[in-house]
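Observations on the three-dimensional arrangement
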Amino acid sequence: MPTAPDPSRRTLLATGTALGGALVVGGAAVAPASAAAPSEAAGSSPRSTGEPRVSEDSRRAVLDDADLVWRTSPTTWFEGPFLGNGFLGSGIYAEPEANAIRFNVQHSAVQDHRPRFGSLFGLARLPIGHFTLEPVGTITGLDWRLSLRDAELTGTLTTSAGTLTLRAFVHASTDLLAVEVTPSRGERGFRWVFHPAEAISPRAAFKPLPDGYEGNPPAVTERHGEVTAAVQPLLAGGQHVTAWRNVERRGTHTLYVTVAHSHPGVTARDRALHTVRARAAVPYDLLVLPHRGWWRRYYRKSFLSLPDARLQRFYWIQLYKIASAARKDAPVMATCGPWLEPTPWPNTWWNLNVQLEYWLIHGSNHLELDAVTRALSEFRGQLSAEVSTRYRADSMGIPRTTDTRLVNGGATDPGTGYGVGVPGQETPTPEVGNLTWALHNVWLSYRHTMDRAVLGDVLFPLLRRAVNYYLHFLEPGSDGALHLPATFSPEYGVTAPDTNYDLMLLRWGCRTLLDAAELLRVRDPLAARWREVLAKLVPYPVDGDGFMIGAGVPFAKSHRHYSHLLAVYPLYEITGRTADERALVEKSLAHWVGFEGALQGYTFTGAASMSALLGKGDDALAFLGQLMERFVQPNTMYKESGPVIETPLSAAQSLHDMICQSWGGVVRVFPALPAAWRELAVHDFRTQGAFLLSAVREEGATRWVRLTSEAGAPCVVRHGIEGPVEVRDGRGRPVRYERVGEGEIRIPLAKGESALITAAGDDPDLTVRPVTPNEPAPPWGLP
């Protein structure tokens, strides 16, 4: 049975936190490595140097190679092109049972506002509608390409009457879909038709309606000069409006479409009309320029090339997808992002989906997409309102499901929404750990930026109240340990006392609060209680098969969720640091994936990341291979009983975990690469401690590693270079360093400083280039 970690505070070296240029260990300041006599030093002669760099040609080559291609007509959202900007989204595929192409129009802010019917009906995201592109002739073929670099769909539609040449994009910074169509002579009579959707929760097609619930009245189509608007009134007040105009210029037609939402007022119509009138005055070729500029800047923030052509393309498509689905100021992603399709899950899910959706933004250096930190901070008052009345004064929680403002609706019926629940009570389901897990995402954003505002203004006060909720229910047992009453481990289906889901999150939460309080120099009156929890919390329940669901409840059936394994991943509280602990992790992982019946896509991304933790790169790749073969759709989307987008996005994080890990205050370079990946290049990969990592692997060996510090945090790196190494600064001068373990060194880096690590005597070219794939692979899409 695993023991609880040392209840004393981890050193800030372990968490990688800097305070005034010194490490803080047990409350005492220790001089940084640069002030001590180093155990190792580089040679004395400076070398020619330069910044690691990726040429625009290299970026273009990798991005263009990842373009999705269609030469067969897509028939569903899981097959077709998709465009978006975090708010407005469009999925494109053949109109069912019609000679037409559908351009869906959906928006992540459009929802209902009837909380009495819960988050899944009364507060659900609402479908808006779609346009059909209806040609004169019968469609006989198509040739489309979705350019990742430009975030633009281009190509032709061939019919029995001629051709339609298409270009389309959703503007990166304006809620506008623009579709340009250039018809041949025989197709000049093509047309666009808008089809408003019924404004009812998509869950209505899957589950019984709550008593008294009805759909909203139908949309009303209005003409306002050259602009048409479909005005959708809402029973709760407010409206959403789709406005469009088709402009012809020299035989080319451009459709300009926008969506606006307002509640409780009815201002959406005026905003939508204004947007279309202003944008329709600008030709497509001019309108697209700032859009392309946004995407070029986006892709310059990081770079990755690996020798598996299919996975490399998949990775870049996920970077395209996350920026199409997320913005910091956009609603936290619902289960299918801005591309609302028929689904039983028409809102935001907090017991796994949100967490997995946003993990990849950290390593890929895209914190500008972090809606989780912003939303939890902005709507923190709602987090108190979601727990039972008697606990609201000092506690917070988040339900399994919420709307864009983190409202659940107070529903206790699991058919309409899932409340936080109370430990020890069966109804509503006592699923109480979701806020603490969501705050782990906020902690990751802090650790990857070392932004004290995130730590002090968001993480610490919210985590303090999330942990407080647990503290109300902890009770000492006859064994002297602290125990939790029955709670729910997502999504196993039963409650159990001392669930590993909650014990693991509680232990991480108390440790993180103590570390944060020390860094922030806060003398918190609850600190003694947090220490007591760390010292006395019951050990995690285990049996002969590994981690159990909870006390008395073994892991005994197929279960897609790794809620009972969070201490292994993503919390990295149990990492296999001893032989017994490693055996426990390996046994638990094998037992979890050994039950085949209910496993789903994110089972395999979690298993891949846990394998990467253990350094098993080939196992990690095998799990990702099962994901690709069994679950990922032609356009890299994913479905279970409905569309969900978290799994492919989390697969990108699994790739990150194979390439770089930075938990526990150590940056690990290439910790779990498969044997076949003998070449690899990464540039400006963001790690915990706010370091930007660039590194190159050649002929099966790490050639060089370069770290730039953005915050002056302690820098410990497991570089993976065989034999003696040299460390040099940005000007080629030797840097004194300290060896702290096999292949692991500590480098004194102030904010803004960088260090290049190479084999002794090596002077490599720091140009980062795409690597050659081991074998060819078809593009994604329907080529």
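Residues numbered from 1 in each chain as written. Predicted model: local features only at pLDDT ≥ 70, side-chain atom pairs only at ≥ 80, totals over all residues. Heavy atoms only, no water.

Let's talk about the overall build of the chain
In terms of helices and strands, the chain carries 18 helices and 39 strands. Over its C-alpha atoms the chain spans a radius of gyration of 27 Å, differing by no more than 12% from the 28 Å that the globule rule assigns to 783 residues. With the C-alpha coordinates aligned to their principal axes, the bounding extent of the chain is approximately 80 × 65 × 45 Å. A separation of at least 24 residues holds for 69% of the contacts in the chain among residues at least 6 apart in sequence. (Helix = DSSP H or I, 4+ residues; strand = E, 2+ residues; numbered from the N terminus. Rg over C-alpha atoms; globule rule 2.2 N^0.38 Å. Contact = heavy atoms within 4.5 Å.)

What about the confidence of the model for the chain?
Averaged over all residues, the pLDDT of the chain equals 93, while 93% of them reach at least 70. In this model residues 1-46 is a low-confidence stretch, pLDDT under 50, and it forms 99 contacts with partners more than four residues away in sequence or in other chains. (pLDDT = per-residue confidence, 0-100.)

A few points about the packing of helix α11 (residues 434-449) against helix α12 (residues 452-471)
Here α11 crosses α12 at 160°, and the two axes come no closer than 10 Å. On the basis of their axis angle, the class for α11 and α12 is roughly antiparallel. Note that α11 runs across α12; the crossing there is left-handed. Counted together, Leu435, Thr436, Leu439, Val442, Trp443 and Tyr446 of α11 and Val454, Leu455, Val458, Leu459, Leu462, Leu463, Ala466 and Tyr470 of α12 form the full contact between these two elements. Residues belonging to the contact of α11 with α12 are distributed by class as follows: 13 nonpolar, one polar and no charged. (Axes fitted to C-alpha atoms, helices over the stretch in contact; angles between N-to-C directions. Parallel < 35°, antiparallel > 145°, perpendicular 65-115°, else oblique. Left-handed = near helix turned anticlockwise from the far one by under 90°. Nonpolar A, V, L, I, M, F, W, Y, C, P; charged D, E, K, R; others polar.)

A look at the pairing of strand β7 (residues 101-107)
Burial runs high along β7: seven of the seven residues are buried. Of the two faces of β7, the one carrying Ile101, Phe103, Val105 and His107 and the one carrying Arg102, Asn104 and Gln106 are both buried. The antiparallel hairpin formed by strand β6 (residues 88-94) and β7 contains six residues in its connecting segment, where Glu97 sits at a positive phi of about 55°. Where β7 meets strand β8 (residues 129-134), five bridges bridge the pair, whose relative direction is antiparallel. Looking at the pairing, Arg102 lines up with Thr132 of β8. (Buried < 20%, exposed > 50% of the residue type's maximum accessible area, 1.4 Å probe, protein only. Pairing = 2+ DSSP bridges.)

Comments concerning the sheet that holds strand β9 (residues 139-147)
Pairing is mixed in the open sheet, where 10 strands are placed in the order β14-β15-β16-β17-β12-β11-β10-β9-β4-β39. At either margin of the open sheet sits one strand with a lone partner, and together these are β14 (220-224) and β39 (781-782). Both strand β4 (residues 68-70) and β39 contribute to a ladder of two bridges, which runs parallel. When the sheet's bridge partners are listed, Trp70 is paired in β39 with Leu782.

Some details on empty space enclosed by the protein
Counted under the stated rule, the structure contains eight cavities of 30 Å³ or more. In this structure, the largest cavity spans a volume of roughly 250 Å³. Leu444, His448, Gln653, Asp657 and Gln688 are the residues nearest the centre of the largest cavity, which is lined by 19 residues in total. If you list the elements that add at least two residues to the lining of the largest cavity, you get α8 (360-363), α11, α18 (646-659), β29 (660-661) and β31 (680-687). (1 Å grid on protein atoms, 1.4 Å probe; cavity = no way out; pocket = protein on both sides within 12 Å on 5 of 7 lines; lining within 4 Å. Points joined across faces, edges and corners; volume = space filled by probe spheres on them.)

Thoughts on the pattern of salt bridges
Taken as a whole, this structure holds 38 salt bridges when the rule is applied. We note a salt bridge from Glu368 to Lys301, for which the minimum N-O separation is 3.2 Å. On the criterion of sequence distance, the pair formed by Glu368 in the loop between α8 and α9 (371-378) and Lys301 in the loop between α5 (284-299) and β18 (303-305) is long-range, its members being 67 residues apart. Overall, the relative accessible area of 25% leaves Glu368 in the partly exposed class. Here Lys301 falls in the partly exposed class, since its relative accessible area comes to 32%. Across the pair Arg560 and Glu491 runs a salt bridge, and its minimum N-O distance is 2.5 Å. In this pair, Arg560 sits in the loop between β26 (546-547) and α15 (579-593) while Glu491 sits in the loop between β23 (487-488) and β24 (495-496), placing the two residues 69 residues apart along the sequence. On the basis of relative accessible area, Glu491 is assigned to the partly exposed category, the value being 25%. A single network of salt bridges, built from pairs that share partners, joins Arg53, Asp765 and Arg769. (Salt bridge = Lys/Arg side-chain N within 4 Å of Asp/Glu carboxyl O.)

Regarding the nonpolar core
Core analysis: the largest hydrophobic core is formed by 228 residues, its most contacted members being Trp316, Leu376 and Ile747. Membership of the second largest hydrophobic core comes to 10 residues, among which are Val241, Ala260, Leu273 and Val276. (Core = buried A, V, L, I, M, F, W, Y, C linked by side-chain atoms within 4.5 Å.)

A closer look at unusual backbone geometry
For the bond from Thr427 to Pro428, the omega torsion is -10°, close enough to zero to count as cis. Tracing the chain through its elements places Pro428 in the loop between β20 (401-402) and α11. The omega torsion of the bond from Tyr569 to Pro570 falls at 10°, within 30 degrees of zero and hence cis. Among the structural elements, Pro570 can be located in the loop between β26 and α15.

Looking at the sheet that holds strand β33 (residues 701-709)
Backbone-to-backbone hydrogen bonds pair the strands of a sheet. The strands run either parallel or antiparallel. Pairing within the open sheet is antiparallel, and its six strands lie in the order β18-β31-β32-β33-β38-β35. With partners counted over all chains shown, the strands left at the sheet margins are β18 and β35 (725-728), one partner each. Between one strand axis and the next, the sheet turns through 20° on average, direction left out of account. One ladder, built from six bridges, connects β31 with strand β32 (residues 691-698); its direction is antiparallel. Residue pairing in the sheet places Leu680 in a bridge with Arg697 of β32.

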